[in-house]
Protein chains: 2
Amino acid sequence: MIDDFPFMRMALEEARRAADMGEVPVGAVITDADGALLARGHNRVIADRDPTAHAELIAIRQAARVLGSERLTGCDLYVTLEPCAMCAQAIAFARMRRLYFGADDPKGGGITVGARIFDRDTTHHRPEIYGGILDAPAAGLLKAFFARRRGGGSPMDGADE
Amino acid sequence: MIDDFPFMRMALEEARRAADMGEVPVGAVITDADGALLARGHNRVIADRDPTAHAELIAIRQAARVLGSERLTGCDLYVTLEPCAMCAQAIAFARMRRLYFGADDPKGGGITVGARIFDRDTTHHRPEIYGGILDAPAAGLLKAFFARRRGGGSPMDGADE
């Protein structure tokens, strides 16, 4: 575990906000090409009644609004959980520079398992990818959340676990 | 080519609107469990400065707002082009019943090529899928659009082709 990631700590704060709202606890932060904070968000699928309202998509859309561009060239994303295929593909479309993520998601991830978005020749941009960043607290939040519910399921596959 | 799909014709109208705006011409329509129109949209990546503003995601988010639910159970999606991995995963999250799509997208699709979202065990819902619906006019719109630009690229990989 690498310990010195202030923006991942901020993403963890976002994840905690999601948990407080009864949402699957995932948070995301985007920094610009100078390393300054650009956007932050957390999972809001239930609150917004929006199946696409994952932390990453919320932060990407917000960052694009702030920059006035559909491209987030040079920008970095910090997210507490391995992105799903939807979010990974959005990261590719946005041409982001680096992806830092926390815990792996063996049941619903789209990078290290399953769709493996960045290994496909239909994906035309691949960021630098760094996993396992502050993964212990990120996984702990998810574990505590799902322990309060019954059963298993993938963290990012909706709210019915 | 199957010819009797009024909602796919409506999706083609949406695609033409996108073309008129200088956007990659893709359109989408969602019907509810009774087969009534619920939402329609077209690609707005450039207009909205939003890398996630594909026709399908716009229609899914609109339908979820209308229904007040992050689940579109029993709803069907009509889209003029094979969805990318981002949109295919969103279709899975929304638990849609059927997906009808027009032209294949060999360079950027997420169903018949590449990520093949609905063939992965990390995808926890698979709609019924029908491809090639009114594919000739859908492909014609895309071909005409890209003929006005130089080069190739995937239809849904942004605006830089």
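Residues numbered from 1 in each chain as written. Chains lettered and ligands numbered in written order. Predicted model: local features only at pLDDT ≥ 70, side-chain atom pairs only at ≥ 80, totals over all residues. Heavy atoms only, no water.

Under an unreviewed UniProt entry, chain A has the name tRNA-specific adenosine deaminase and belongs to Eilatimonas milleporae. Under the UniProt heading Subunit (unreviewed entry), the entry covering chain A gives this text: "Homodimer." Annotation of chain A in UniProt includes, under Sequence similarities (unreviewed entry), the sentence "Belongs to the cytidine and deoxycytidylate deaminase family. ADAT2 subfamily." (UniProt positions renumbered as here; feature names shortened; annotations may be inferred.)

1. A few points about the sheet that holds strand β5 (residues 128-130) of chain B
Residue and element names in this part refer to chain B. With respect to topology, five strands assemble into an open sheet ordered β2-β1-β3-β4-β5, the strand pairing being mixed. Looking along the sheet, the strands with just one partner apiece sit at the ends: β2 (37-42) and β5. Neighbour to neighbour, the strand axes of the sheet diverge by 15° on average, direction disregarded. Sheet topology note: the strand β4 (residues 98-103)/β5 ladder contains three bridges and is parallel. Within the sheet, the bridge partner assigned to leucine 99 lies in β5 and is isoleucine 129. With respect to the sheet, helix α1 (residues 6-20) is in contact with β1 (27-31), β2, β3 (76-81) and β4, its orientation differing from that of β2 by roughly 30°. (Pairing = 2+ DSSP bridges. Helix = DSSP H or I, 4+ residues; strand = E, 2+ residues; numbered from the N terminus. Axes fitted to C-alpha atoms, helices over the stretch in contact; angles between N-to-C directions. Contact = heavy atoms within 4.5 Å.)

2. Examining the packing of aromatic side chains
Across all of its chains, the model carries ten aromatic pairs over all chains by this definition. Aromatic pair Phe145(A) and Phe146(A): ring centres 5.2 Å apart, planes at 90°, arrangement edge-to-face. With respect to burial, Phe145(A) and Phe146(A) carry one shared label: buried. Seen in terms of ring centroids, Tyr78(B) and Tyr100(B) are 4.6 Å apart; in terms of plane orientation they differ by 10°. Their pairing is stacked. In this pair, Tyr78(B) sits in strand β3 while Tyr100(B) sits in strand β4, placing the two residues 22 residues apart along the sequence. The residues Tyr78(B) and Tyr100(B) share a single accessibility class, namely buried. By way of ring pairs, the aromatic residues Phe5(A), Phe7(A), Tyr78(A), Tyr100(A) and Tyr130(A) are connected into one cluster. (Phe/Tyr/Trp six-rings, centres within 6.5 Å; stacked < 30°, edge-to-face > 60°. Buried < 20%, exposed > 50% of the residue type's maximum accessible area, 1.4 Å probe, protein only.)

3. Examining the pattern of salt bridges
All names here are of chain A. In this structure the tally under the stated criterion is 20 salt bridges over all chains. Linking glutamate 13 and arginine 40 is a salt bridge whose minimum nitrogen-to-oxygen distance equals 3.4 Å. With glutamate 13 in helix α1 (residues 6-20) and arginine 40 in strand β2 (residues 37-42), this residue pair connects regions lying 27 residues apart in the sequence. For glutamate 13, a relative accessible area of 40% puts it in the partly exposed group. The class for arginine 40 is partly exposed, based on a relative accessible area of 24%. Connected via shared salt-bridge partners are Glu13, Glu14, Arg17 and Arg40. (Salt bridge = Lys/Arg side-chain N within 4 Å of Asp/Glu carboxyl O.)

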